[in-house]
Amino acid sequence: MQAMRIVAAPAADDRAGFIEIAGVGKRYPVRGGAPVTALADIDLKIAEGEFVCVVGPSGCGKSTLLRILAGIVPSHEGTVSLDGRRITGPSRDVGVVFQQPHLLPWRTVMENVMLPVELQHRSGKEYRERAEHLIALVGLGEFASRYPGELSGGMQQRVGICRALVHDPKVLLMDEPFGALDAMTREFMSVELLRIWSSNRKTALFITHSIVEAVFLADRVVVMSPRPGRIEEIVGIDLPRPRTPEMMTSAAFGDYGGRIRSHFELKAGVDL
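Since the model is a prediction, treat every value here as computed from it, not as a measurement.

Participant: Hey, could you run me through the packing of aromatic side chains in this one?
Facilitator: For any pair of aromatic rings, the description consists of the separation of the ring centres together with the inter-plane angle of the planes. Throughout the structure, instances matching the rule amount to three aromatic pairs. Both rings, one in F51 and one in W197, keep their centres 5.4 Å apart while their planes meet at 80°; by these two values the pair is edge-to-face. On the criterion of sequence distance, the pair formed by F51 in strand β4 (residues 51-55) and W197 in helix α6 (residues 183-198) is long-range, its members being 146 residues apart. W197 carries the same exposure label as F51, and that label is buried. A ring pair is formed by F51 and F206, whose centres lie 6.2 Å apart and whose planes are at 35°; its orientation type is tilted. Of this pair, F51 sits in strand β4 while F206 sits in strand β9 (residues 203-208), and the two are 155 residues apart along the sequence. Considered together, F51 and F206 belong to a single accessibility category, that of buried residues. Against the face of Y28 rests K26, its NZ or CZ located 5.2 Å from the ring centre.

Participant: Just checking my understanding: could you explain helix α4 (residues 124-137) for this structure?
Facilitator: The α-helix advances 3.6 residues per turn, and as a result positions three or four apart in sequence lie on the same side. Between its first and last C-alpha atoms α4 spans 19 Å; for 14 residues at 1.5 Å apiece the expected length is 20 Å, and the two agree. Within the sequence span of α4, burial applies to Y127, A131, L134, I135 and L137. One face of α4 carries all of its buried residues, which in axial projection span an arc of 155°. Here the buried face of α4 lies against α2 (109-113), α3 (115-119), α5 (153-165) and α6. Two residues or fewer after α4 comes G139, characterised by a positive phi angle close to 80°.

Participant: What is the right way to read the pattern of salt bridges from this model?
Facilitator: Applying the stated criterion across every chain yields a total of 15 salt bridges. Between D168 and R130 there is a salt bridge, with the nearest N and O atoms lying 3.4 Å from each other. Here R130 lies in helix α4 and D168 lies in the loop between α5 and β8 (171-175), a separation of 38 residues in the sequence. Under the relative-accessibility criterion, R130 is labelled partly exposed at 22%. Across the pair D168 and K202 runs a salt bridge, and its minimum N-O distance is 2.5 Å. Of this pair, D168 sits in the loop between α5 and β8 while K202 sits in the loop between α6 and β9, and the two are 34 residues apart along the sequence. Residue K202 is classed as buried on the basis of its relative accessible area, which comes to 11%.

Conventions and cut-offs
- Residues numbered from 1 in each chain as written.
- Predicted model: local features only at pLDDT ≥ 70, side-chain atom pairs only at ≥ 80, totals over all residues.
- Heavy atoms only, no water.
- Phe/Tyr/Trp six-rings, centres within 6.5 Å; stacked < 30°, edge-to-face > 60°.
- Helix = DSSP H or I, 4+ residues; strand = E, 2+ residues; numbered from the N terminus.
- Buried < 20%, exposed > 50% of the residue type's maximum accessible area, 1.4 Å probe, protein only.
- Lys NZ or Arg CZ within 6 Å of the ring centre and 35° of its normal.
- Expected span 1.5 Å × (residues − 1).
- Arc of directions from axis to C-beta.
- Contact = heavy atoms within 4.5 Å.
- Salt bridge = Lys/Arg side-chain N within 4 Å of Asp/Glu carboxyl O.

What follows is the structure in structure tokens.
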């Protein structure tokens, strides 16, 4: 039997903590019952420019962790910091892409991308040039004046990624952004995302149910347990960049997938 070619992730203390999650826990109240613990004892350091994927079964707290990092919801225990500063609420340093792009149907592609700039009262000219660059980068230059209803699902999600990046955040958080797409479009969007990410190397955290997607995208994959969500293992992915779809058929890719998949055998809620 061929030996597994798995490279262990660096220990947390050996990794620069651009994002630091220390002892984080989160509970949700339940009417007439005891609170539900979504997350418990989460410790994780993410280096600047690193691409980290989080995979786990449904209900394990993956999206809750992302929302805590985005400053949308608070944790009940522990601390979260970005570049040495505590995260206590939404920040201009963080861009978020959700599963649905939630584009405003009465605004064009350009107007949707520029929305964060308007809300943050930033200089329109400077950021319009950046928006034009991003829209061209994702291959939608000729669609800048179109409306969301004229775009496919994959094209709409590319607009959502541009919108999250237009104000030049330090961190990009993505909560299953391709989960609603068909398999072929999803693979295409994964390749596109890495192409966009490679142009600026933003620190990225990507939530997914798909083990294949996680291995293809990540420098490290964080494997979470069923609720209450805890980190069961962090798997370092030692595959060369740029990543290509052909890598998915390699023995090394399969080994990484098998290592992660072993945590979820006979468990529902994960795309194996």
